[in-house]
Amino acid sequence: MNGLGWALADSWTIARRTLTHWRMQPGLVLFQWFFPVLMLLMFGGLLGGAMEFPEGSSYYELLVPGIFALAMLFGLEGTMTAVTTDVSKGVTDRFRSLPMSSTAVVLGRCIADMLDSVVTLLVLVATGLALGWRWHEGLPSALAAFGLLLLLRFALLWIGIFIGLTVKNAQSVTMVQVLVWPIGFLSSTFVATSTMPTWLGTIAQWNPLSATATASRQLFGNPDPSSTTTWIGTHAELAAVIAPLLLTAIFLPLSAHRFRTLSR
């Protein structure tokens with residue numbers, strides 16, 4: 001094989017290592033898959049009765065795509081913790097001493113987490129369909145929406161990998177994890193940004209999660225009052241492509257540089 005072939009083979013080896021760890025800890029993996037389901041059921045029950053929607057639609061039409069986007073963020077803690085643990089225990093240094101591609105360690109983790117994200121989305125889709133959520137714009141548009149969701153996940157993974165390579169230990173990750181919640185909730189995942197105070201709605205609307213959630217709703221044919229009130233709302237599909245690509249362009253090279261210069 002050429003250099004690219006060896007790099008991909010090494011990356012898949014690292015990805016299989018992560019998948020093996022998950023197979024040995026099925027409880028943890030199942031929790032990661034079903035925690036977004038719990039969020040969907042909880043917020044659907046708590047807020048659904050207070051939301052007014054046109055006849056024939058329900059709060060789940062707005063909520064389910066939002067939970068899809070939120071699930072792409074929530075898995076970030078596991079990525080940061082796993083990467084930091086490998087670094088602090090010397091596992092990463094051991095990999096770097098082996099005759100393998102220097103990018104395989106971080107890329108392999110990314111591959112495994114993307115596979116995990118696909119399963120998470122499948123579980124959420126099944127739950128959403130059981131609750132009455134539907135897409136209305138045909139299968140190609142639905143697949144495009146899922147593509148945008150996975151693109152967001154791919155970009156966020158590199159942020160998680162970079163943070164995992166940067167912080168000193170797994171305990172430090174806990175402080176970073178606290179930021180995940182406000183970032184996730186300060187968006188259009190649960191409610192339309194048009195219902196928020198103007199200044200807060202503007203901040204929430206420019207959150208990359210909001211762009212992906214709004215774009216997904218448009219592609220699914222689900223209602224979203226926020227999509228017609230601002231420029232970012234009317235151009236959500238464009239923003240849902242540009243924002244993840246920009247994040248990837250920033251944090252992928254930073255992660256690669258951090259890995260190459262790692263000294264602990």
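Residues numbered from 1 in each chain as written. Predicted model: local features only at pLDDT ≥ 70, side-chain atom pairs only at ≥ 80, totals over all residues. Heavy atoms only, no water.

Brief notes about a nonpolar patch on the surface
A surface patch of nonpolar side chains, about 630 Å² in accessible area, is lined by Trp206, Trp231, Leu238, Val241, Ile242 and Leu245. It is helix H13 (residues 236–260) that contributes the most residues to the nonpolar patch, 4 residues altogether. On the secondary structure map, Trp231 appears in helix H12 (residues 231–234). (Patch = residues over 30% accessible without salt bridge, like charges linked within 9 Å, V, L, I, M, F, W, Y side chains within 5 Å. Areas by Shrake-Rupley, 256 points an atom, 1.4 Å probe, with all protein chains shown as cover. Salt bridge = Lys/Arg side-chain N within 4 Å of Asp/Glu carboxyl O. Helix = DSSP H or I, 4+ residues; strand = E, 2+ residues; numbered from the N terminus.)

What to know about the UniProt feature "transmembrane region" (unreviewed entry) in the protein
What UniProt calls "transmembrane region" (unreviewed entry) maps, in this numbering, to residues 27–50, 62–83, 104–131, 143–167, 179–200 and 238–256. The straight-line gap between the two end C-alpha atoms of residues 143–167 is 36 Å; of that span, 96% is helix and 0% is strand. Taken end to end, residues 238–256 is 100% helix and 0% strand, and its first and last C-alpha atoms sit 27 Å apart. (UniProt positions renumbered as here; feature names shortened; annotations may be inferred.)

Some points on the nonpolar core
Here is a general trend for soluble globular proteins: nonpolar side chains tend to be buried in one another's company. Membership of the largest hydrophobic core comes to 63 residues, with the highest contact counts inside it found for Met39, Leu63, Ile67, Phe68, Phe146, Leu165 and Phe190. When residues in this core are grouped by element, the largest group, 14 residues, is from helix H7 (residues 139–166). Dropping the residues within four chain positions of it, Met39 is found in contact with Gly44, Ile67, Leu70, Phe74, Trp181, Phe185 and Phe190. (Core = buried A, V, L, I, M, F, W, Y, C linked by side-chain atoms within 4.5 Å. Buried < 20%, exposed > 50% of the residue type's maximum accessible area, 1.4 Å probe, protein only. Contact = heavy atoms within 4.5 Å.)

Things to note about the environment of Leu247
Mapped onto the secondary structure, Leu247 falls in helix H13. With a relative accessible area of 18%, Leu247 lands in the buried category. For Leu247 and Phe154, which are 93 residues apart along the polypeptide, the C-alpha to C-alpha distance reads 9.5 Å. Those residues in contact with Leu247 that sit more than four places away from it in its chain are Ala155, Ile159 and Leu252.

Points about the side chain of Asn207
By the secondary structure assignment, Asn207 is in the loop between helix H10 (198–205) and helix H11 (208–220). For Asn207, a relative accessible area of 10% translates into the label buried. If we skip the residues at most four places from it in the chain, Asn207 touches Ile183, Leu186 and Ser187.

Let's talk about the environment of Phe162
Assignment of secondary structure puts Phe162 in helix H7. In this structure, the C-alpha to C-alpha distance between Phe162 and Ala256, residues 94 residues apart in sequence, is 8.3 Å. Here Phe162 is in contact with Phe251, Leu254, Ser255 and Arg258, once residues within four sequence places are set aside.

Overview of the environment of Thr13
Take Thr13: it is sitting in helix H1 (residues 3–24). In the structure, Thr13 is positioned 28 residues away from Leu41 in sequence and 37 Å away in space, judged by C-alpha atoms.

Notes on the pattern of salt bridges
Following the criterion strictly, the structure yields 3 salt bridges and no others. Between Asp224 and Arg217 there is a salt bridge, with the nearest N and O atoms lying 3.0 Å from each other. The two residues Asp224 and Arg217 agree in class, both being buried.

With respect to helix H6 (residues 104–131)
Taking 1.5 Å of rise per residue, 28 residues should cover 40 Å, and H6 covers 40 Å from first to last C-alpha, within 8% of that figure. Gly132 lies just past H6 and shows a positive phi near 105 degrees. (Expected span 1.5 Å × (residues − 1).)

Quick notes on the side chain of Thr212
By the secondary structure assignment, Thr212 is in helix H11. Aside from chain neighbours lying at most four places away, what touches Thr212 is Leu148, Leu149, Leu152 and Ala240.

Comments concerning the packing of helix H4 (residues 76–88) against H7
In a pair of packed helices, the angle between the axes and the distance between the axes together describe the arrangement. It is the contact of H4 with H7, at a shortest axis distance of 8 Å, that shows an interaxial angle of 35 degrees. Every pair of crossing elements has a handedness; the one defined by H4 and H7 is right-handed. Contacts between H4 and H7 involve Leu76, Thr79, Met80, Val83, Thr84 and Val87 from the former and Arg153, Leu156, Leu157, Gly160, Ile161, Ile163, Gly164 and Leu165 from the latter. (Axes fitted to C-alpha atoms, helices over the stretch in contact; angles between N-to-C directions. Left-handed = near helix turned anticlockwise from the far one by under 90°.)

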